[in-house]
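# Report on the structure
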Amino acid sequence: MLEKIFKYILRHEIRKFSYKSVKRPDFSQEIKQKTKVITEEEGKKTIDLTKQLKAKILATGPITVADYMREVLTHPQGGYYMYKDVFGREGDFITSPEISQIFAELVGIWLLTEWYKLGSLEFQLVELGPGRGTLIRDLLRVLTHFKIDPQFSIHLVEISPYLGGLQAERICHGSTLIDDNKSRFYRKGETPSGIKVFWYKHLEDVPRNFSLVVAHEFFDALPIHKLQLENNLWKEVLIDIVSNVSEKPEFRFVLSKEQTPVSKLYQPLKSDTRLSLEYSLESDRLISMLAKRLQEDGGIGLVIDYGHFGDKTDTFRAFRKHALHDPLIEPGSADLTADVDFRRMKHTAEKNNEVITFGPIKQGIFLQQMQGDVRLERLLKNALPENQSLLKSGYEMLTDPKQMGGRYKFFSIFPAVLKEHLNKFPVNGFR
C-alpha cells in the first residue's frame, strides 16, 4: 500500500477542491455580528495594548515575558491574532504551505503512510493553530483523495474566532457559530465532500479518539519565560515600564530581584550548562497532554516548527512585514515568537514512557526523504514555462539548509506500545 501511494502521488496531480458548483457564503458579517470580531481599525479604537500593559504593570509590578506575549497575541479586543489576517506575502510572515503545494502533499502522504502501518483505524484529524487554513485545506485534499474509508472528522484548535472564520471559508461550504455554553466547540461546519469540521479554543476540549495531530508553527507562538542563573539561583527576566516617557520603546527588560514561581519550579535538564534560557510552561503542559492522549486513545503527532536542541539562549523576537521588529515597541502590531526547544519537548513527551519520539530532523532532509525532489520533477514536467521558476524557487526555499530547510524541524510522536512495531517498520522521513 505504501509503495502504491508514493507512486501515485509522484505521477499524478492531486485535484484541488472545486467550489464552482457550491455557493460559498460570505462569513464576514456573520463573524462580526455573532462573535464581535473587530477590524484592524476598530481594534485600535477598542483597546490600546500599550496603555493596557502599562496599567497592568503599574498595578502589579513588572510582568513576565509570558504574560506580555499572552496579552499581545491573544487579548480578545486587540491581540495580534484576534482580528486580522497576518499571514502570507501581504502579512507579517509567510509559512511553508503558502510557498509550495509540495509541502502539504508530503506531510499528507506521511500521515497516510504512518496511519496505514497502524491498521487503517478510524481517525480524526486535529490541527493546532491552523492559521488561515492553508495547510488543513491541502491536507484535506490529499486525505480525501487517497483515503479508503470516505469518512473522518476534522478538529481545529483555534483561539481566534476571526481566524476560525477564515479557515471555515477555505474548507467549508457552510459553517455555524455555536452560542451554547454547554458545547465544547464554538463553530461547526461541513466540507463540500461531507466531512464534519469543529473548532475549539483548547486541546482538552477535542474528543478523545484516535487522532492524527499536526502542529505547524504553533509552539513557537506559545508564551515563554526568560530565565537567568544568578548566584546558583534561577531568576526571571521581566518587563517593566521605562521611566522616561519620551523614550522608545516604552518598555524594558529587568531581572527579578527574587525568584519567581516559575523560576523556582524550573528544573534544568542534565548536562544543560546554559546560564540563560527560554522556558515555555505552556508547551510542557500541551506536550504532556498530547502524550497522554496518544498513549490512551492512540494516534500520531507531528510537530513542525523552527527551533533548536537545547543550545540557544535568547530567541524571543518580533516580525512585522517580514522583517525583524523590536518586540517591546507598539505591542500588538507585530508577531511575537521564540524558537522551540526540541530537547525539552522530547524530554517532556517521553518522561512518563507514554510515547516514543523521532527527530527533530531538518525540514529539508524530511522533504527529500519523502521524495520531494521526485515530486518536483513531476510537477515541472506538467507546469507551464512561466510557472517552472516559481516551483523551483519555492521548493529550494523549503529545502535549502541556509533557508527554511535548515531552520525548520520535524518532530513526530507515537504511542510507546508501538516501539517494536516501528523498529520493524521504520518511520518514514526520520531515518
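The coordinates are above.
To keep things clear, this report deals only with the structure shown in the data block. Worth saying up front: this structure is predicted, and the values here are computed from it rather than measured.

Conventions we followed
Residues numbered from 1 in each chain as written. Predicted model: local features only at pLDDT ≥ 70, side-chain atom pairs only at ≥ 80, totals over all residues. Heavy atoms only, no water. Core = buried A, V, L, I, M, F, W, Y, C linked by side-chain atoms within 4.5 Å. Buried < 20%, exposed > 50% of the residue type's maximum accessible area, 1.4 Å probe, protein only. Helix = DSSP H or I, 4+ residues; strand = E, 2+ residues; numbered from the N terminus. Expected span 1.5 Å × (residues − 1). Polar contact = N/O pair within 3.5 Å; in protein donor to acceptor, adjacent residues only side chain to side chain. 1 Å grid on protein atoms, 1.4 Å probe; cavity = no way out; pocket = protein on both sides within 12 Å on 5 of 7 lines; lining within 4 Å. Points joined across faces, edges and corners; volume = space filled by probe spheres on them. Nonpolar A, V, L, I, M, F, W, Y, C, P; charged D, E, K, R; others polar. Contact = heavy atoms within 4.5 Å. Pairing = 2+ DSSP bridges. Axes fitted to C-alpha atoms, helices over the stretch in contact; angles between N-to-C directions.

### A few points about the nonpolar core
Residues Trp-110, Leu-125, Ile-154 and Phe-410 are the most contacted members of the largest nonpolar core, which totals 60 residues. Listed in part, the 26 residues of the second largest apolar core include Leu-128, Leu-203, Val-206 and Val-303.

### Notes on helix H7 (residues 101-117)
Side chains of residues three or four places apart in an α-helix project in the same direction, reflecting 3.6 residues per turn. End to end, H7 covers 25 Å across 17 residues, agreeing with the expected 24 Å (1.5 Å per residue, within 8%). Where H7 begins, the side chain of Ser-100 points an oxygen toward the backbone nitrogen of Ile-102, at a separation of 3.2 Å.

### Here we look at empty space enclosed by the protein
For the structure on display, the rule yields 2 cavities of 30 Å³ or more. Lining the largest cavity are 22 residues, with Glu-278, Ser-280, Val-340, Asp-341 and Arg-344 sitting closest to its centre. Taken together, the residues that form the lining of the largest cavity break down as 10 nonpolar, 4 polar and 8 charged. Computed from the structure, the second largest cavity encloses a volume of approximately 70 Å³. Forming the boundary of the second largest cavity are Val-126, Leu-203, Val-206, Asn-209, Ser-211, Val-213, Leu-290, Arg-293, Leu-294, Asp-297 and Gly-298. At the level of elements, strand E7 (211-216) and helix H11 (281-297) are the ones that each hand at least two residues to the lining of the second largest cavity.

### Focus: the side chain of Ser-263
Within the fold, Ser-263 resides in helix H10 (residues 261-265). Among the polar contacts listed, one links the side chain of Ser-263 to the backbone oxygen of Trp-234, at a separation of 3.0 Å. Within the structure, Ser-263 has its side chain in polar contact with the backbone nitrogen of Thr-260 (distance 2.7 Å). Ignoring anything within four residues of it in the chain, the contact list for Ser-263 reads Leu-227, Trp-234, Lys-235 and Glu-236.

### Quick look at the sheet that holds strand E13 (residues 317-320)
What the 3 strands build is an open sheet, ordered E14-E13-E15; its pairing is antiparallel. This sheet does not close on itself; its edge strands, each paired only once, are strand E14 (323-325) and strand E15 (335-337). Taken pair by pair, the neighbouring strands of this sheet meet at an average axis angle of 40°, ignoring direction. Where E13 and E15 come together, 3 bridges link them in antiparallel fashion. By the bridge assignment for E15, Ala-318 is matched with Leu-336.

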